[in-house]
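# Results of the structural survey
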Amino acid sequence: MASTPDRGTWGSRSGFILAASGSAVGLGNIWGFPTQVGQGGGGAFVLVYLVCIFLICFPILVAELAIGRRTHQSPVLSFATLRPGTAWWLAGALGVLTGVGILSFYSVIAGWTVAYIWFTASATVTGEPEAIEKFFSEFTANGPSTVGLTFVVLLTTAGVILGGVRSGIERVTKVLMPAFIVLLVVLAVRALTLPGAAVGLAYYLRPDLTRLFDANVFNAALGQAFFSLSLGMGAMITYGSYLDRRDGIANSAVWIVLLDTSIALLAGFIIFPAGFSIDGFNPNSSGPGLIFTVLPQLFSTLPGGQLFGMTFFVLLAMAALTSTISLLEVPVSHFVDARHWPRPKAVGVVTLVVFTLAVPSALGNGEINFLTSIPGIDTDFLTLMATVWNNFALPMGGLLTALFVGWVWRVDHALEELLAHEAWFPNTALWGFLIRWICPLAILSIIIGTVYSMV
Ligand code: PHE
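Remember, predicted model here, so these are calculated numbers, not experimental data. (Residues numbered from 1 in each chain as written. Predicted model: local features only at pLDDT ≥ 70, side-chain atom pairs only at ≥ 80, totals over all residues. Heavy atoms only, no water.)

### Some words on the overall build of the chain
If you tally the helices and strands in the chain, you get 18 helices and 0 strands. What you see for the chain is a C-alpha radius of gyration of 21 Å, in line with the 23 Å of a compact globule of 455 residues. Along the first, second and third principal axes, the C-alpha set of the chain runs to 60 × 50 × 45 Å. Taking all 455 residues of the chain together, the buried fraction comes to 56%. (Helix = DSSP H or I, 4+ residues; strand = E, 2+ residues; numbered from the N terminus. Rg over C-alpha atoms; globule rule 2.2 N^0.38 Å. Buried < 20%, exposed > 50% of the residue type's maximum accessible area, 1.4 Å probe, protein only.)

Structure representation (structure tokens):
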């Protein structure tokens, strides 16, 4: 299979697992998951989310990695290589667009995270819950600082991508991930021992069965599952393309899914017990600000809370960085591989486009909300972007990937690639069945159900 000689491969299989987990674990787990649980009605959302992860996302993760390892190409060329002369390359192109779209709002929230390192370290966000909430809304309404922070995040990401320091990602993630998990466990223990924690726990774990008939809960859970695992936009095809033939896919995928899902679940064990210990807390009303208002209050109940808070936001910012790297890598590697742009040009142009698109998301919480003048839309620009890209573009990308692997490239060819050097594969017949039937039908019905509920 044609592959550019200088594309490089991962240092080792554990290096790949680290980098792919670094892509998966990020704001999606700590910021996105609790926010979505809060808006999707608690336990019901969690239940649907877990079903989506195991029945839909796991098989698609395996499929994306198989495409990448087979072709050693970026997404557009991957589809084009496996089915030349057809329109399937468009599935890869959708991923390139989605990467740009997601990065444009993701970098704004990553910017908030960077600022909160300073705010917690300097004890700027402390005091009564109302004061902490007021601080968040005033901070996010300050256009110049949110735009500036977004720029810093994008510049840092571009710098890493430009250096092509893949070994750097591996090394950072190796330290980052265990440290992050330890800190999250400590915070969860503290949150669970606060007064009122039981109410939060019940909200988080006891599904309200009436919500199981709500198409929007399904749509949000599916979108969140794709977002959290970096699926449906070619990030995992790209990362798989740096895999050596000897590297196992199935057991790597198991690791990535378990790590990503446990970190998201852990975040819920922190936010809801801590949130419900605050008087008058409503998980549904805080929107994107949920973690930025609940966590500072949790830190204030801890001895050495400032240090805890600072360390937490440093680790979160680094986890976000290993995700923004993979988001930028998809469009950049596309222009390098398919258009033969020099890497610096690709990085510069894509970063500039992302930054331009990010400005309305960064400003949307201030006086300049571009959307309030449009009748029928009552969200801010950032939330709208997150909904469009996460809840529609990613599942659409996943649907195309499942159809492609299941019916076009075909399961037997995919399995040939998957089993070529594989010592272990869970169940080939089940994987084939899920990728051919369950993934496409489930994604399609959720998308149709959502559109139907909107009109
Ligand atoms: N999975 C990342 C997170 O949870 C976000 C991401 C989505 C990264 C899609 C790459 C591709 O934060």
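On we go from here.
### Digging into the pattern of salt bridges
Think of it this way: side chains of opposite charge can pair up when their charged atoms draw near. Counted under the stated rule, the structure contains 5 salt bridges. In this structure, Arg69 engages Glu417 in a salt bridge whose closest nitrogen and oxygen atoms are separated by 2.9 Å. Placement of the pair is Arg69 in helix H3 (residues 43-71) and Glu417 in helix H17 (residues 411-419), with a sequence separation of 348 residues. Judged on exposure class, the residue Arg69 and its partner Glu417 are both buried. Taking the shortest distance from any N to any O, the salt bridge between Arg343 and Glu329 comes out at 3.2 Å. Linking Arg343 in helix H15 (residues 343-363) with Glu329 in helix H14 (residues 305-337), this pair joins segments that are 14 residues apart in sequence. You can call Glu329 buried: its relative accessible area is 4%. (Salt bridge = Lys/Arg side-chain N within 4 Å of Asp/Glu carboxyl O.)

### Describing the environment of Asp208
Looking at the secondary structure, you find Asp208 in the loop between helix H9 (197-205) and helix H10 (215-228). The exposure class assigned to Asp208 is partly exposed, which follows from its relative accessible area of 36%. Residues Asp208 and Phe355 lie 147 residues apart in sequence; the distance between their C-alpha atoms is 40 Å.

### A short note on the layout of surface pockets
Empty space within the largest pocket amounts to approximately 780 Å³. Taken together, 32 residues form the lining of the largest pocket, with Gln36, Gln39, Thr383, Thr387 and Asn391 sitting closest to its centre. Counting only elements with at least two residues in the lining of the largest pocket, the list comes to helix H2 (27-39), H10, helix H16 (381-408) and helix H18 (428-454). The element that contributes the greatest number of residues to the lining of the largest pocket is H16, accounting for 9 residues. (1 Å grid on protein atoms, 1.4 Å probe; cavity = no way out; pocket = protein on both sides within 12 Å on 5 of 7 lines; lining within 4 Å. Points joined across faces, edges and corners; volume = space filled by probe spheres on them.)

### Some details on the packing of helix H6 (residues 129-140) against helix H13 (residues 290-299)
Across the interface, H6 lies against H13 with an axial gap of 9 Å and an inter-helix angle of 140°. As far as their axial angle goes, H13 and H6 are oblique. Where H6 crosses over H13, the handedness of that crossing is right-handed. Together, Pro129, Ile132, Glu133 and Phe136 of H6 and Phe292, Thr293, Pro296 and Gln297 of H13 make up the contact between the two elements. Here the contact of H6 with H13 is composed, by residue class, of 5 nonpolar, 2 polar and 1 charged. (Axes fitted to C-alpha atoms, helices over the stretch in contact; angles between N-to-C directions. Parallel < 35°, antiparallel > 145°, perpendicular 65-115°, else oblique. Left-handed = near helix turned anticlockwise from the far one by under 90°. Contact = heavy atoms within 4.5 Å. Nonpolar A, V, L, I, M, F, W, Y, C, P; charged D, E, K, R; others polar.)

### A short note on empty space enclosed by the protein
Counted according to the given criterion, the structure contains 4 cavities of 30 Å³ or more. Roughly 110 Å³ of volume is contained in the largest cavity. When contributions to the lining of the largest cavity are tallied by element, the ones reaching two or more residues are helix H1 (13-24), helix H5 (89-121), H10 and H14. With 3 residues, H14 is the largest single contributor of residues to the lining of the largest cavity. Looking at side-chain class alone, the lining of the largest cavity contains 9 nonpolar, 6 polar and no charged residues.

### Brief notes about the nonpolar core
Grouped together as the largest cluster of nonpolar side chains are 147 residues, with contacts concentrated most on Phe312 and Trp431. Per-element tally for this core: the top contributor is H3, with 16 residues. Ignoring any residue separated from it by four or fewer positions in sequence, one finds Trp431 in contact with Pro59, Val62, Ala63, Val405, Val411, Ala414, Leu415, Leu418 and Phe425. (Core = buried A, V, L, I, M, F, W, Y, C linked by side-chain atoms within 4.5 Å.)

### What about the confidence of the model for the chain?
Model confidence for the chain is summarised by a mean pLDDT of 92, while 94% of its residues fall at 70 or above. Within the chain, the element-level pLDDT minimum falls on H1, averaging 86, and the maximum on H5, averaging 98. Counting interchain partners and residues more than four positions distant, the pLDDT-below-50 stretch residues 1-5 has 7 contacts. (pLDDT = per-residue confidence, 0-100.)

### A look at the packing of aromatic side chains
This model, assessed by the stated rule, comprises 31 aromatic pairs. Judged by centre distance (4.8 Å) and plane angle (90°), the ring pair of Phe119 and Phe135 falls under edge-to-face. One end of the pair, Phe119, is in helix H5; the other, Phe135, is in helix H6, and 16 residues separate them in sequence. For Phe119, a relative accessible area of 13% translates into the label buried. (Phe/Tyr/Trp six-rings, centres within 6.5 Å; stacked < 30°, edge-to-face > 60°.)

### Concerning the site of the ligand
The environment of the ligand is formed by 14 residues, the closest being Ala24, Gly28, Tyr106, Phe227 and Ser230. The separation between an oxygen atom of the ligand and a polar side-chain atom of Asn29 is 3.4 Å. In the environment of the ligand, an oxygen atom lies 2.4 Å from a nitrogen or oxygen atom belonging to the side chain of Tyr106. Alone, the ligand offers 330 Å² of accessible surface; in the complex the protein occludes 100% of this. (Near = heavy atom within 4 Å. Polar contact = N/O pair within 3.5 Å; in protein donor to acceptor, adjacent residues only side chain to side chain. Areas by Shrake-Rupley, 256 points an atom, 1.4 Å probe, with all protein chains shown as cover.)

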